[in-house]
Structure formats: C-alpha cells, structure tokens
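So the chains spell out like this:
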Amino acid sequence: MDLNSFKNLIGNEKEFISKFTKELSDFLNNKNGLENDKLIGTKDILEKYKLNRNYRKEFNHEKNKILDDFASKLNDKNKLYYINSYNSMSKKYGILEYNQDGKYKSLYISAEQLPSNSKEGLLIKKDAGNWVIDKDESKVFSDKLTKAAENLSKLQENELKGYRREGEIYQVIDNDKICISLLDKETGKVFQETKFSNELFDILGTDFIVKYENGEYVYDEKLTDEFFSSLDE
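All of the points below concern the structure found in this document. Computed from a predicted structure; not experimentally measured.

Procedures and definitions
Residues numbered from 1 in each chain as written. Predicted model: local features only at pLDDT ≥ 70, side-chain atom pairs only at ≥ 80, totals over all residues. Heavy atoms only, no water. Helix = DSSP H or I, 4+ residues; strand = E, 2+ residues; numbered from the N terminus. Salt bridge = Lys/Arg side-chain N within 4 Å of Asp/Glu carboxyl O. Buried < 20%, exposed > 50% of the residue type's maximum accessible area, 1.4 Å probe, protein only. Pairing = 2+ DSSP bridges. Axes fitted to C-alpha atoms, helices over the stretch in contact; angles between N-to-C directions. Contact = heavy atoms within 4.5 Å. Expected span 1.5 Å × (residues − 1). Core = buried A, V, L, I, M, F, W, Y, C linked by side-chain atoms within 4.5 Å. Parallel < 35°, antiparallel > 145°, perpendicular 65-115°, else oblique. Left-handed = near helix turned anticlockwise from the far one by under 90°. Phe/Tyr/Trp six-rings, centres within 6.5 Å; stacked < 30°, edge-to-face > 60°.

## A short note on unusual backbone geometry
Positive phi is not limited to glycine here, since A128 has a value of about 55 degrees. In this structure, A128 sits in the loop between strand 4 (123–127) and strand 5 (130–133). Located in the positive-phi region is N214, a residue other than glycine, with phi close to 55 degrees.

Dropping the structure here:
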C-alpha cells in the first residue's frame, strides 16, 4: 500500500468515527429531550387540577414542604437546584438553591445555559460543568406534588359543591383568569369558582350574571343587561 492510499484510509476512518460520534450524540440528546418533555412541571399540574387562589396557596405550601424534605436528605457538599420561575422578558430562569438545612438563595440563570425543555417545577444539576435536568429527582418531586394537588382538588370540589345550586343566580365579582369570584345572590356569600369553560373565562367581567344550569355555569345575557340598565336609572 502506497503512502497516499494509507493516508486516504486513515482519513476515511476518522471521518466515519467523527460522523458516528455526532449521530450518536444527536440520538442521545434527542432521547433525553423526549424523556425530559414527559416530565411534569408546576404549570402542568395546576392546569390539570384547576385550583383556585385559596387552594393554590395550600399548593405552594405543600411544594415548599416537599422541597424542604428533599433538601434535608442532602449531604454537606451537595445543593438542590429548583426551577422556580421564568421571566420571558429577560429570558432568565429563577432558581432556588437549597442547602441541607433547607435554607435557600435565589439565582438567575440565562435560558441559554439550561436545556431547551426546562420548565418551572423541575430540578436541575451540574454535569461536567453543564446544567442538566435531574430526571430522576424531578420525577419523584412531580409525583409528590401531583398527589398533593389531587388531594387539594378533592377538598376544593367538596367545598364548591355547597355553592353550586341548580337554577341559582350568581354575580361576577372578579375574573383573574385563574378563578372567578362569584357572589351568591341568595346568600350573599362570595366564593372562588373554577368550573368555567375557556370561553366564559374570556367573556365574563365584573357584574356579569351567570346561572347554574344542568351542572354548569352559563352566561345570562338578559339578566346582565337588566342589571347594567338598572345602574343608569
């Protein structure tokens, strides 16, 4: 074999190895990306269970308790990093760094430094100098938080059932797109309701009138118009 043929052979082998390495890396990254996409964040949980403002406070309390429990199992050298928020303007994630005592400090990390499928409610860690999603710990955390949300949702449903009466009329006090505060026109009580379609969340404003019919809230345009007309008299 002449020298040029030998060089070409070596060059082809290097090209093959380089191509194979890149394809393997792309496959693993895509695989990890798909696995991370299956992880559930806090927004996913709240969207599923539709907790009102009062029960969201309880939800956050449970979340903090779970994080404190995770932190208590750290050793002296390790830290726990939790994705707490995301600012779309600055494109930065707010990270809570916990130590073993449960004390935390806030960090802000550019979205470019984190995996593209990062989301609020996941746990991250450093791997070879890079931030990665801690899939195992995030899965355990989301399972515990999902269970807490499920329990709170049951409590909320039992509470709200007492306010939902067939044929009853309610006045909208406030609509913050998470829940709608309703005034029970018969009892004078105000409560935070979540059982609305996306369409009604978009339509209903302060002082609009709704009825509870056939197990759901419906907008009563006639009564709403009469109420607003009465204000002008």
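Next comes the rest of the description.
## Things to note about the pattern of salt bridges
In the structure shown here, the tally under the stated rule is 16 salt bridges. A salt bridge links E97 to K105; the nearest nitrogen and oxygen atoms lie 3.7 Å apart. E97 gets classed as buried once you look at its relative accessible area, which sits at 12%. Under the relative-accessibility criterion, K105 is labelled partly exposed at 47%.

## Section: the sheet that holds strand 4
Reading across from one edge, 3-2-1-4-5 is the order of the 5 strands in this open sheet, with antiparallel pairing throughout. Edge positions in the sheet fall to strand 3 (104–110) and strand 5, since each of these pairs with one other strand and no more. Geometrically, the sheet is characterised by an average inter-axis angle of 40 degrees between neighbouring strands, direction not taken into account. Across 7 bridges, strand 1 (residues 80–87) lies against strand 2 (residues 92–98) in antiparallel orientation. Looking across to strand 2, one finds that L80 is bridged to Y98. The strands that helix 4 (residues 135–161) touches are strand 1, strand 4 and strand 5; relative to strand 4, the one it contacts most, it runs at about 170 degrees.

## Digging into helix 4
For helix 4, with 27 residues, the first-to-last C-alpha span of 38 Å sits near the 39 Å given by 1.5 Å per residue. For helix 4, every residue scored as buried is listed here: S138, F141, S142, L145, T146, A148, A149, L152, S153, Q156 and L160. Lining the buried residues of helix 4 we find helix 2 (42–49), helix 3 (53–72), strand 1, strand 4, strand 5 and strand 8 (190–193).

## Description of the sheet that holds strand 10 (residues 216–219)
Here we have 5 strands laid out as an open sheet, ordered 8-7-6-9-10, and antiparallel in their pairing. Edge positions in the sheet fall to strand 8 and strand 10, since each of these pairs with one other strand and no more. Strand after strand, the sheet turns through a mean of 40 degrees between neighbouring axes, direction not considered. Summarising the sheet, strand 6 (residues 169–175) and strand 7 (residues 180–184) pair through 5 bridges and their orientation is antiparallel. Paired with Y170 across the strands is D184, a residue of strand 7.

## Observations concerning the nonpolar core
Ranked by size, the top nonpolar core spans 20 residues in total, and within it L51, F59, L67, L80, L123 and F141 carry the most contacts. Elements supplying a minimum of two residues to this core: helix 2, helix 3, strand 1, strand 2 and helix 4. Top contributing element to this core by residue count: helix 3, with 6 residues. Beyond its immediate chain neighbours, meaning those up to four positions away, F141 contacts K63, I66, L67, F70, Y82, G121 and L123.

## Quick word on the packing of helix 2 against helix 4
As a packed pair, helix 2 and helix 4 sit with axes 10 Å apart at the nearest point and diverge in direction by 25 degrees. Taken together, helix 2 and helix 4 sit at an angle that is classed as roughly parallel. The handedness of the crossing between helix 2 and helix 4 comes out as right-handed. Residues T42, I45 and Y49 of helix 2 lie in contact with helix 4, whose contacting residues are S142, L145, T146, A149, E150, S153 and Q156.

## A word on the packing of aromatic side chains
Under the criterion given, the structure shown has 14 aromatic pairs. Aromatic side chains F70 and F141 sit 5.9 Å apart centroid to centroid with 90 degrees between the ring planes, which places their arrangement in the edge-to-face category. Of this pair, F70 sits in helix 3 while F141 sits in helix 4, and the two are 71 residues apart along the sequence. Like F141, F70 is buried. Ring geometry for F208 against Y219: centres 5.5 Å apart, planes inclined by 25 degrees, an arrangement best described as stacked.

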